[in-house]
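Report on the structure
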Amino acid sequence: MEKREWIRSGIVEDLDKRQQDLLALVYNNIKLYYEEYYQKKGSCRYELNLSRLMKLCNRDGKSVMAAVRMLANTVPEDSNDKPLVYYDRVHSAKNASHRPYRIFLRKNY
């Protein structure tokens, strides 16, 4: 069982095999999008959003967003690294009440 620690709180969670597989699937698809598709295809000229990530992973929004939150707010136990991904929400230009998620890879320096 893998253990991940929530940043700023220190709470440690045990992840079972199913959760580890979901985190790996989501992270690999985020990485794939930014390495292979982003700004290389006409339909992929924008940052990765939750809808596109759901299609890449072939999973529902609730499970994908839970995995993104876990990747963005936890690190492996006894690690001083930063989380692998981060996300934000911005207002849409046409409809200010629509705030889609934008998901990014964190650059490792």
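In what follows, the structure referred to is the one given above.
The present account deals with the structure reproduced in this document.

Conventions we followed
- Within every chain, residues take consecutive numbers counted from 1 along the sequence as written.
- This being a predicted model, a pLDDT of at least 70 is required before a residue's local features are given, and a value of 80 or more before pairs of side-chain atoms are given or counted; all residues contribute to the totals for chains, interfaces and linings.
- The side-chain quantities take in all heavy atoms of the structure and omit both hydrogens and water.
- Strands pair, by our definition, only if DSSP identifies at least two bridges between them.
- Secondary structure elements follow DSSP: runs of H or I of four or more residues count as helices, runs of E of two or more count as strands, with numbering from the N terminus.
- When two cysteine sulfur atoms are found within 2.5 Å, that pair is recorded as a disulfide.
- For every residue, the accessible area (1.4 Å probe, protein chains only) is compared with the maximum for its type, and the residue is labelled buried under 20%, exposed over 50%, or partly exposed between those bounds.
- Put simply, two rings from Phe, Tyr or Trp (the six-membered ring, in Trp's case) pair if the centres are within 6.5 Å, and we call them stacked under 30 degrees between planes, edge-to-face over 60, tilted for the rest.
- Throughout, a contact is declared for two residues whenever any of their heavy atoms are within 4.5 Å.
- Simply put, an axis is a line fit to the C-alpha atoms, just over the touching stretch for a helix, and the angle between two N-to-C directions goes from 0 to 180 degrees.
- Any angle between 65 and 115 degrees counts as roughly perpendicular, while under 35 counts as roughly parallel, over 145 as roughly antiparallel, and the rest as oblique.
- Residue count minus one, scaled by 1.5 Å, sets the expected span of a helix.

1. A short note on the pairing of strand β2 (residues 12-15)
Inspection of the sheet shows strand β1 (residues 2-6) paired to β2 by four bridges, in the antiparallel sense. Pairing of Glu2 across the sheet is with Leu15, part of β2. Turn length for the β1-β2 hairpin, with the two strands adjacent in sequence and antiparallel, is five residues, and the turn residue Arg8 shows positive phi of about 70 degrees.

2. Observations concerning the state of the cysteines
What the rule picks out here adds up to zero disulfides. Counting only cysteine sulfurs, Cys44 is the nearest neighbor of Cys57, a cysteine outside any disulfide, at a range of 14 Å. Under the relative-accessibility criterion, Cys57 is labelled buried at 4%.

3. Topic: the packing of aromatic side chains
For the coordinates displayed, the defined rule picks out six aromatic pairs. When the centroid spacing of 5.1 Å and the interplanar angle of 25 degrees are considered together, the rings of Tyr86 and Phe104 count as stacked. Of this pair, Tyr86 sits in strand β5 (residues 85-89) while Phe104 sits in strand β6 (residues 101-105), placing them 18 residues apart in sequence. Classification of Tyr86 by relative accessible area gives partly exposed; the value is 35%. Linked through ring pairs, Tyr33, Tyr34, Tyr37 and Tyr38 together constitute an aromatic cluster.

4. Digging into the environment of Pro76
Structurally, the position occupied by Pro76 is in strand β4 (residues 74-76). Contacts of Pro76, omitting those with residues within four sequence positions, involve Lys3 and Arg4.

5. Brief notes about the packing of helix α2 (residues 50-57) against helix α3 (residues 61-73)
The interhelical angle for the contact between α2 and α3, taken along N-to-C directions, is 105 degrees, at an axis separation of 10 Å. What the angle tells us is that α2 and α3 run roughly perpendicular. Touching Leu50, Leu53, Met54 and Cys57 of α2 are Gly61, Val64, Met65 and Val68, all from α3.

6. Digging into helix α1 (residues 17-37)
Here α1 spans 29 Å end to end across 21 residues, near enough to the 30 Å set by a 1.5 Å rise per residue. Gln39, located one to two residues past α1, shows a positive phi value of around 60 degrees.

7. Comments concerning the sheet that holds β2
Spatially, three strands are ordered β2-β1-β4 in an open sheet, and the strand pairing comes out antiparallel. The sheet is open, and its two borders are formed by β2 and β4, each paired with just one other strand. In this sheet, neighbouring strand axes are inclined to one another by 35 degrees on average, regardless of whether the strands run parallel or antiparallel. Relative to β4, β1 is paired through three bridges, and the arrangement is antiparallel. Considered in β4, the bridge of Glu5 is made with Val75. The strands that α1 touches are β1 and β2; relative to β2, the one it contacts most, it runs at about 95 degrees. The strands that α3 touches are β1, β2 and β4; relative to β1, the one it contacts most, it runs at about 70 degrees.

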